[in-house]
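Descriptive analysis of the structure
Chain residues, written in single-letter form:
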Amino acid sequence: MIERRADDLIRIRPWEDLVVVSQGRIVLATDRDGFFDGGAHRGLFVHQTRLLSRWRYRIDGETPQPVALSNVSQHSWTGYYVRLPPGADPGPKDEGSGHMQAMSERTLELLLSRVVDDRLREEVCLTNFSPEATAFDLEIEVDADFADQGETLDERRQHGELSKNWNREAAELAFRYRAEHGAARIERGVRIRVTESGSPPSSADGRISFRVELPPRASWRAVLEIIPEIADVEGGIGRDIARRRDLFLAESASFTAPLCETLAPVVISAAERARRDLASLRLADLDDGERGWTLAAGLPLYVALYGRDALTAAWQAAMLGPGMMEGSLNVLAKLQGREVDDWRDEQPGRMLHEAHTGPLAALDFNPRGRYYGSITTSGFYPLVLAELWHWTGDRDLVRPLVRPALDALAWLEKLSDRDGDGFYDYQTRSSQGTVHQAWKDSGNAIVDADGASVSPPIATCEEQAFVHVAKLHLSEMLWWLDEKDEARRLYREAVELKKRFNDAFWMEDEGFFAMGLDSRGRPIRAIGSNPGHGLAAGIVDDALVKRTAARLLAPDLWSGWGVRTLSTENPAFNPYSYHRGSVWPVENGSFSMGFLRYGLHGELETLCRGQFEAARLFDFHRLPEVLSGHARDEAHPFPALYPQTNSPQAWSASAVLCLLQSLLGLFPYAPLKMLLVDPHLPEWLPEITVRNLRVGQAAVTLRFHRKGKESGYEILEQRGTLHVLRQPSPWSLTAGFAERVKDALTSLLPGR
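All of these numbers come straight from a predicted model, not from anything done at the bench. (Residues numbered from 1 in each chain as written. Predicted model: local features only at pLDDT ≥ 70, side-chain atom pairs only at ≥ 80, totals over all residues. Heavy atoms only, no water.)

**Observations regarding the packing of aromatic side chains**
Applying the stated rule across the entire model yields 22 aromatic pairs. Judged by centre distance (5.2 Å) and plane angle (15°), the rings of Phe-35 and Tyr-81 are stacked. Taken together, the positions of Phe-35 in the loop between strand S2 (26-31) and strand S3 (36-37) and Tyr-81 in strand S8 (residues 76-83) put the pair 46 residues apart, joining distant regions of the chain. In this structure, Phe-35 and Tyr-81 share a single accessibility class: buried. On the numbers, 5.2 Å between centres and 65° between planes, the contact of Phe-210 with Trp-220 is edge-to-face. (Phe/Tyr/Trp six-rings, centres within 6.5 Å; stacked < 30°, edge-to-face > 60°. Helix = DSSP H or I, 4+ residues; strand = E, 2+ residues; numbered from the N terminus. Buried < 20%, exposed > 50% of the residue type's maximum accessible area, 1.4 Å probe, protein only.)

Spelled out as C-alpha cells, the structure:
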C-alpha cells in the first residue's frame with residue numbers, strides 16, 4: 001500500500017467538470033468555466049426546473065479566459081477572467097524565459113461574484129489593468145427552456161407555452177412558462193433584472209448587452225438579480241433563508257481541536273463542512289417555524305424531500321441540535337398516506353418516500369410528486385421521534401407526533417406483512433413504482449449468493465431491525481407519556497420480533513445474517529452490508545454480535561475505506577455499482593453506532609479511521625454519496641467513485657457527525673436532564689472540543705482528551721441543569737443499564 005501523507009497531492013472532486021452553487025431549492029450548476037449552455041444537469045434549477053438553460057459572457061464576441069474560479073461557500077462563488085483589452089496593442093512578442101502572454105501585461109479583468117439566497121445575485125466588475133483606454137460591448141447570452149431536471153439528459157416529455165419579454169424601463173428580461181397535462185398545470189418563470197450598471201442595458205437576440213468604456217485603471221460595475229417565480233408550488237422557495245441558515249449555524253454544536261500531526265484537523269474540517277452542507281440543503285419552503293426544518297437529499301440530482309434521507313440525516317446529525325428532526329417529523333406527518341392510491345404506492349398510514357416539484361412530477365407524468373414506495377420511512381419515523389424525545393425531553397413537542405408514528409407501525413403490520421410470517425416485506429403496486437423499496441432501492445440491489453437478482457416480495461434483514469428498534473424506543477417514550485398499555489404492547493412485540501429474526505435470518509455456516517427472505521420465505525444468502533444495521537438497531541442476539549461485527553470487517557466486505565454493500569466474492573460484485581459493491585458513508589455512520597452500542601471499540605476505531613482517511617482525500621474533506629468498493633492497496637491508493645455520486649449529500653454529511661458521536665460515546669437523555677459520555681479516543685484524535693451541545697434546556701461545552709491509552713473529558717462551560725455522567729450508552733452490552741430497563745418493562749407485561 002502506498003503510504004499516505006498529509007502533504008500528498010491526492011484531492012478527489014466528484015463531478016470534476018461541474019460546479020454547483022446552491023441554497024435549498026435553488027441550484028446553479030455550471031461548467032468549470034462558470035458558464036453553461038444547455039448540457040446535462042447544467043443550468044439554473046429551481047424546484048427541479050431548469051429556469052435558465054444558457055448563461056455566458058462575451059466581450060466583443062469573445063469569451064474571456066478563466067484564470068481562478070471557486071466556490072467561497074456552498075451558496076457563493078467568485079470567478080476571475082482575463083483577456084487583452086479590445087483595441088489594445090499587444091506589444092512586442094516576449095522572447096525571454098517567461099514567455100509572457102500579452103494579456104498578462106495588458107489585462108482586462110472580468111470579476112464575477114455570485115450569491116444564492118431566495119434569488120441569484122450576480123455582481124459584474126470589469127477593470128482595465130493596462131495603460132490604454134478601451135471600449136467594447138459586454139454581452140450576456142441567456143436562454144430558458146423550463147425542462148425538468150431529468151429531461152436535461154433524456155428526451156423532453158412535457159411541453160408548454162414559453163414567452164419572453166424585455167422591459168426597457170425596468171431593465172428586466174422576463175421568461176414565463178405554462179404547461180398542462182391532464183388536470184395538472186404548472187406556471188413558472190424567471191426575471192433577470194439589472195439593478196445597477198455603469199451604462200444602460202439593452203436586449204436583443206437572446207443577449208443582455210452593455211456598452212463599456214474604460215480609461216486606464218478604471219472599473220465598471222453592474223449587478224444582476226435573477227428572480228425565480230414558482231406560482232404553482234405552495235411556499236415558493238421559502239422566507240428569510242440566509243437569516244435562518246445563520247441562526248442554525250450560530251446555535252448548533254461546533255467542533256475544535258488543536259493542530260497536530262494526526263487526523264484531528266481532518267475530523268474537525270469534515271465535521272464543520274458537514275454542518276454547513278446540511279444548512280445549505282435546507283428546504284426553506286417546508287420550514288416549521290424558526291428552528292424546525294427539513295432538507296434535500298443531495299446535489300446535484302436530489303434537490304427534493306426524501307423521507308428516509310431526511311429522517312436518517314436528522315438522526316445521525318442530532319448532536320447539532322433537534323431542528324432537523326423536528327422539522328422532518330412534522331412535514332412527513334402532514335404528508336402521511338391517507339388513502340389507497342396504487343399509482344403512488346400510497347396506503348393509509350404509510351410514510352412518504354419522496355416528493356418532487358419538477359415539471360414531470362408536478363404534471364403527473366410520474367408519481368414522484370408524492371410517492372410512498374419505501375418501507376424504510378415508516379419504520380424509521382417512530383425511531384427518530386423517540387430520538388427527538390431523548391434530545392429534548394419535550395412532551396409538548398413529541399405528543400402530537402405519536403399518532404403518526406403509531407399509524408406508520410400499523411401500516412407495517414397490516415400491509416407490509418403480506419404472507420403473515422411476522423416479517424415486513426415490500427412489493428410495488430404502481431406501473432412506475434420502485435422495484436426494491438428497502439434500504440437498497442436500486443433496480444438490481446438484491447441478489448442471491450449466485451449473483452442472480454431476487455424479485456419482490458422481499459423481507460430484508462435491515463427493515464426488520466428498524467421496526468424492532470422503533471418499537472423498543474417508542475415504547476420507552478410512551479411510558480413517559482403515561483401510555484403504558486401501548487408501551488407494553490410495543491415492547492412485547494419488539495422482544496418477539498428479535499427472537500424470530502435471529503431464528504429465521506442467522507446463517508450458522510456463514511457466521512452472518514441473510515440479506516433477506518425471498519417470496520417463499522427462504523434466506524437470501526448473499527453477503528452484504530445489510531446486517532450491519534442490525535447491530536445499530538440492537539436486534540442481533542448477544543451471542544452473535546462479535547461474529548457479525550467480525551464478518552463486516554472481513555476482507556471481502558471491508559475495503560479499507562469502509563464496509564462494502566456486497567462481498568467481493570459474490571458473482572454480482574462491481575465496485576462501481578450503486579448497491580452491489582460500493583461503499584456508502586451513511587451506512588458506515590450507522591454501523592459506528594452499532595459498534596458503540598455493543599462496546600466494540602476496536603472495530604469502531606477501524607471503521608472511523610477508514611472513513612476519516614477517505615475524507616482527507618476529498619475537496620473540502622467532504623465525503624461524497626458513494627465511494628467505489630476497490631480494495632485499499634498499492635494499486636488503489638485512493639478510491640474511485642460511483643459515476644453520478646452526489647456531493648454534498650445530506651446523509652454523507654450526517655455520517656461524519658455520527659462517527660464522531662460514536663467515538664465520544666454521547667447518549668443524551670433529556671427527560672432526566674442527563675448526558676452520558678463514554679469517550680474512547682484513538683491515537684489519531686487525541687483531543688477535541690464540542691461546543692454548545694444542547695440537551696433539553698441545557699447546553700454544555702466539553703473537551704475530550706486522550707492520555708496514554710485512557711480517554712477522559714472536562715466540562716468547560718455549562719448553561720442550565722444537566723448531569724454529565726461517564727457511562728456507556730444504556731443500550732450498550734457493557735452498561736448493565738439495558739438489562740435493568742428490560743427487566744423493569746418485562747415485569748409490567750400481562751401475566752407477570
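Additional details are given in the paragraphs that follow.
**What to know about empty space enclosed by the protein**
Under the criterion given, the structure shown has 5 cavities of 30 Å³ or more. Along its surface, the largest cavity is lined by 22 residues, and Trp-315, His-473, Ala-536, Met-593 and Arg-597 are the ones closest to its centre. Elements with a minimum of two residues in the lining of the largest cavity: helix H4 (307-316), helix H7 (376-392), helix H10 (461-480), helix H12 (531-537), helix H14 (585-597) and strand S27 (667-669). Per element, the largest residue contribution to the lining of the largest cavity is 4 residues, and it comes from H14. Residues of the lining of the largest cavity, tallied by class, amount to 14 nonpolar, 6 polar and 2 charged. Looking at the second largest cavity, its volume works out to about 60 Å³. As for the second largest cavity, its lining consists of Ala-270, Arg-273, Ala-274, Asp-277, His-621, Arg-622, Leu-623, Gln-649, Ser-652, Ala-653 and Val-656. Among the secondary structure elements, those contributing two or more residues to the lining of the second largest cavity are helix H3 (264-280) and helix H16 (650-664). Looking at the lining of the second largest cavity element by element, the count peaks at 4 residues for H3. Counted by class, the lining of the second largest cavity contains 5 nonpolar, 3 polar and 3 charged residues. (1 Å grid on protein atoms, 1.4 Å probe; cavity = no way out; pocket = protein on both sides within 12 Å on 5 of 7 lines; lining within 4 Å. Points joined across faces, edges and corners; volume = space filled by probe spheres on them. Nonpolar A, V, L, I, M, F, W, Y, C, P; charged D, E, K, R; others polar.)

**Focus on the pairing of strand S5 (residues 49-52)**
Where strand S4 (residues 43-46) and S5 come together, 3 bridges link them in antiparallel fashion. From the neighbouring strand, Phe-45 faces S5, where its bridge partner is Arg-50. Here 2 bridges tie S5 to strand S12 (residues 147-148), and the two strands are oriented antiparallel to one another. By the bridge assignment for S12, Thr-49 is matched with Asp-148. (Pairing = 2+ DSSP bridges.)

**Some remarks on the environment of Pro-637**
Mapped onto the elements of the fold, Pro-637 is located in the loop between helix H15 (601-615) and H16. Sequence separation between Pro-637 and Gly-599 is 38 residues, and the spatial gap between their C-alpha atoms is 31 Å.

**A short note on the layout of surface pockets**
Taken as a whole, the largest pocket holds about 1,100 Å³ of empty space. The wall of the largest pocket is formed by 39 residues, among which Tyr-302, Tyr-306, Glu-354, His-356 and Arg-368 lie closest to the centre. Elements supplying a minimum of two residues to the lining of the largest pocket: H4 and helix H6 (359-362). Residue composition of the lining of the largest pocket, grouped by class: 12 nonpolar, 16 polar and 11 charged. Here the second largest pocket is characterised by a volume of approximately 710 Å³. Considering the residues around the second largest pocket, the lining is formed by 25 residues, among which Val-233, Leu-286, Leu-335, Thr-357 and Gly-369 are closest to the centre. At 4 residues, helix H5 (residues 323-334) tops the list of elements feeding residues into the lining of the second largest pocket. For the lining of the second largest pocket, the per-class residue count stands at 8 nonpolar, 5 polar and 12 charged.

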